[in-house]
Amino acid sequence: MSQPVQLKNALVSVYYKDNLAPVIQELMRLGVRIYSTGGTETFLRSLGADVVAVEDLTGYPSILGGRVKTLHPKVFGGILARRNFESDEQQLDQYDIPQIDLVIVDLYPFEETVKSGAGHDDVIEKIDIGGISLIRAAAKNYKDVTIVASKDDYPELTQMLQQQNGEIKVEQRRRFAQKAFNISSNYDTAIFNYFNQDEELPVFKQSIQTSQVLRYGENPHQKGVFYGDLNEMFTKLHGKELSYNNLVDVDAAVALIDEFTEPTVAILKHTNACGIASRSFIKEAWVDALACDPVSAFGGVIIANDEINEETAIEISKIFFEVLIAPAYTNEALAVLQQKKNRIILIRQGVELPVKQFKMLLNGVIEQDKDNVIEGPEQMKPVTEKQPTAAELKDLFFANKVVKHTKSNTVVLAKNNQLLASGVGQTSRVDALRQAIEKANAFGFNLNGAVMASDAFFPFPDCVEIAANAGITAVLQPGGSIKDQDSVDMSNQKGIAMVATGVRHFKH
């Protein structure tokens, strides 16, 4: 059936009543008979609506504490009946079942109840049965029935009723059905994931309701969409919309900065830190982070874990950057930073982040726990004759945080809570180390007394030898190679300290 449907009978039973009144007023104007239940029925009567109670239609009261209200053939028959099937219409007449043309139903707030920390029994009671069944039934029969399953759609429905005088076109009904199935599938996914928290069933189910179309994907010829609520994560104070590549870098920046508690600034390009430093004051942290690699910092993503003041803003504004993220800004700092229209200025909100990571791979998806482990001085086991000093242990801890968030194979060189250089994404660890040493020398850093951290073990002693010859005095690695002793022996020969953490931090 492709003709518009003139509304005659509507079923309204909702949890959220926001913006519902204008819809009901239009239904009353159009002379539509309204069936309802419980609290919704009471609310509609308060608006002056002449409501037929569902229990008067079915001949059965609401039972089991409200668990069973609408689950009855006189309700579902009226929704599922096909208007162009003679046998369906005959049965409606036979059993005195009214055709229901409009269903306005939403669902109990299951996800919100889980997030609130409510007890298991309270969560279970928020699993909707009648509502989800009504939504699916009406959406299935969209050729004859209009389903509105979200309060967000009430204004659109009100406008249709006003402008089309109670007629809903088939393409409009199909669009509402599409939204309804999205709501029902998301609801079922949330319930399954609640029951599968211990992952007893190895099933991959994710559902995200909000999305943002991006200008393009990784490259201009690729389409891109972000699924999630960026407004929950950030308050945007200035600038253009985040791009796909911005978002990838911002994700890496957030993960890195969360490792640090002292005032810290990091600069990232292509998900890797090209500068990071921790200092007593945020301006000092910025100056020393930029010094790591002022060339790569151009066009980067900057993140800080402390308020940006005017002094710091003036220094940051001396370079071109894409995105700046901080927990707060002074008014004076914003006045400086907002002088360039395209700079993206974000305040980060305190949002709990997922503990799982997944991505498409081949013809499926791979999922893993987030790497939330970081080894401090207590987990650093000395394996050489020379023991690291307290200052070296502190620098090794700093370097280990950075190496964890840098593309493998990687080696990080650090001193005094400052990144001096890193070798990033190399196919051999020796190449990564040589790249790091070359960069450190190019920007005038003295590597004497610096430390080195590696994301994985050294299969050969060559890296230790090269590092010691460059002035490195302490080395961190996870260990685990069958040739670990060769690297230990080289460290002893060169008179430098080495610690093993027992934890590898590959990042691909």
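What you see is a predicted model, and the numbers here were worked out from it, not measured in a lab. (Residues numbered from 1 in each chain as written. Predicted model: local features only at pLDDT ≥ 70, side-chain atom pairs only at ≥ 80, totals over all residues. Heavy atoms only, no water.)

1. Comments concerning the packing of helix H1 (residues 21-30) against helix H9 (residues 154-164)
When two helices pack together, their arrangement is captured by the angle between the axes and the distance separating the axes.
Thinking step 1. It is the contact of H1 with H9, at a shortest axis distance of 9 Å, that shows an interaxial angle of 20°. One finds that H1 runs roughly parallel with respect to H9. Both H1 and H9 take part in a crossing whose hand is left-handed. Seen from H1, the contacting residues are Pro22, Val23, Glu26, Leu27, Arg29 and Leu30; seen from H9, they are Tyr154, Leu157, Thr158, Leu161 and Gln162.
Thinking step 2. Of the residues belonging to the contact of H1 with H9, the class tally is 7 nonpolar, 2 polar and 2 charged. (Axes fitted to C-alpha atoms, helices over the stretch in contact; angles between N-to-C directions. Helix = DSSP H or I, 4+ residues; strand = E, 2+ residues; numbered from the N terminus. Parallel < 35°, antiparallel > 145°, perpendicular 65-115°, else oblique. Left-handed = near helix turned anticlockwise from the far one by under 90°. Contact = heavy atoms within 4.5 Å. Nonpolar A, V, L, I, M, F, W, Y, C, P; charged D, E, K, R; others polar.)

2. What to know about the pattern of salt bridges
Thinking step 1. In total, this model carries 17 salt bridges according to the counting rule given.
Thinking step 2. Where Lys318 meets Glu315, a salt bridge forms, and the shortest distance between an N and an O atom there is 3.1 Å.
Thinking step 3. Note on Lys318: relative accessible area 60%, which makes it exposed.
Thinking step 4. Three or more residues are tied together by salt bridges with common partners; here these are Asp153, Glu156 and Lys179. (Salt bridge = Lys/Arg side-chain N within 4 Å of Asp/Glu carboxyl O. Buried < 20%, exposed > 50% of the residue type's maximum accessible area, 1.4 Å probe, protein only.)

3. What about the packing of aromatic side chains?
Thinking step 1. One pass over the structure, following the stated rule, counts 8 aromatic pairs.
Thinking step 2. Centre to centre, the rings of Tyr15 and Tyr16 are 5.1 Å apart; their planes meet at 75°, and the pair counts as edge-to-face.
Thinking step 3. On the basis of relative accessibility, which here comes to 38%, the residue Tyr15 falls in the partly exposed class.
Thinking step 4. Aromatic rings pair up to connect Phe110, Tyr187, Tyr194 and Phe195 into one cluster.
Thinking step 5. Sitting over the ring of Phe85, Arg82 keeps its end group 4.0 Å from the ring centre.
Thinking step 6. Note that Lys205 overlies the ring of Phe192, its terminal NZ or CZ placed 5.6 Å from the centroid. (Phe/Tyr/Trp six-rings, centres within 6.5 Å; stacked < 30°, edge-to-face > 60°. Lys NZ or Arg CZ within 6 Å of the ring centre and 35° of its normal.)

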